[in-house]
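# Breakdown of the fold
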Amino acid sequence: MFLGELIRKNAQPVYTALEDRKSNTARFVVDVIGGYIALENPLVVEVEHKNRVDSSWSTAATFDDIYGNGTNAKVATGLKEQVRLKLTLDEPFDVWLRIFIYPPEWQ
């Protein structure tokens, strides 16, 4: 995963690049720094994981619902070989958010 920005405008999920696991536990941080902050529905951020041989991803952890600007973190344990974040904003309006996605803090 990379430190970067994401601008979001519709209800389709956005996925970060996958990263190889470095530990069974990691802390993930997402920082919403701007955009349409009066959300009707939350930004949902899930930590997904899978083994290389698996054909589908499963959810290892889910952040608390995000309704506006601020730093949000989640610790995921029991991680499989590959991890990524899934971000979903299911809003009835054409909204956007500017988000920093920080590299996982492996523990």
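Bear in mind that the values here come from a model prediction, so they are computed numbers and not experimental data.

### Re the overall build of the protein
For the protein, the count of helices and strands is 0 helices and 10 strands. Along the chain direction, N to C, the helices and strands of the protein fall in the order β-β-β-β-β-β-β-β-β-β. For the protein, restricting intrachain contacts to residue pairs at least 6 apart in sequence, the fraction spanning at least 24 positions comes to 80%. Carbon together with sulfur atoms contributes 47% to the accessible area of the protein, which is approximately 5700 Å² in total.

### Description of the packing of aromatic side chains
In the structure shown here, the tally under the stated rule is 2 aromatic pairs. Centre to centre, the rings of F28 and W106 are 6.5 Å apart; their planes meet at 75 degrees, and the pair counts as edge-to-face. In this pair, F28 sits in strand β4 (residues 26–35) while W106 sits in strand β10 (residues 105–106), placing the two residues 78 residues apart along the sequence. Ring centres of F100 and Y102 lie 6.2 Å apart, and the angle between their planes is 75 degrees; this geometry places the pair in the edge-to-face category.

### Let's talk about the side chain of N72
Looking at the secondary structure, you find N72 in strand β7 (residues 70–76). According to the relative accessible area criterion, N72 is buried, its value standing at 19%. Of note is the side chain of N72, whose polar atom sits 3.1 Å from the backbone oxygen of G70. Apart from the residues lying within four places of it in its own chain, the contact partners of N72 are F28, V29, V30, V32, F63 and I66.

Conventions we followed
Residues numbered from 1 in each chain as written. Predicted model: local features only at pLDDT ≥ 70, side-chain atom pairs only at ≥ 80, totals over all residues. Heavy atoms only, no water. Helix = DSSP H or I, 4+ residues; strand = E, 2+ residues; numbered from the N terminus. Contact = heavy atoms within 4.5 Å. Areas by Shrake-Rupley, 256 points an atom, 1.4 Å probe, with all protein chains shown as cover. Phe/Tyr/Trp six-rings, centres within 6.5 Å; stacked < 30°, edge-to-face > 60°. Buried < 20%, exposed > 50% of the residue type's maximum accessible area, 1.4 Å probe, protein only. Polar contact = N/O pair within 3.5 Å; in protein donor to acceptor, adjacent residues only side chain to side chain.

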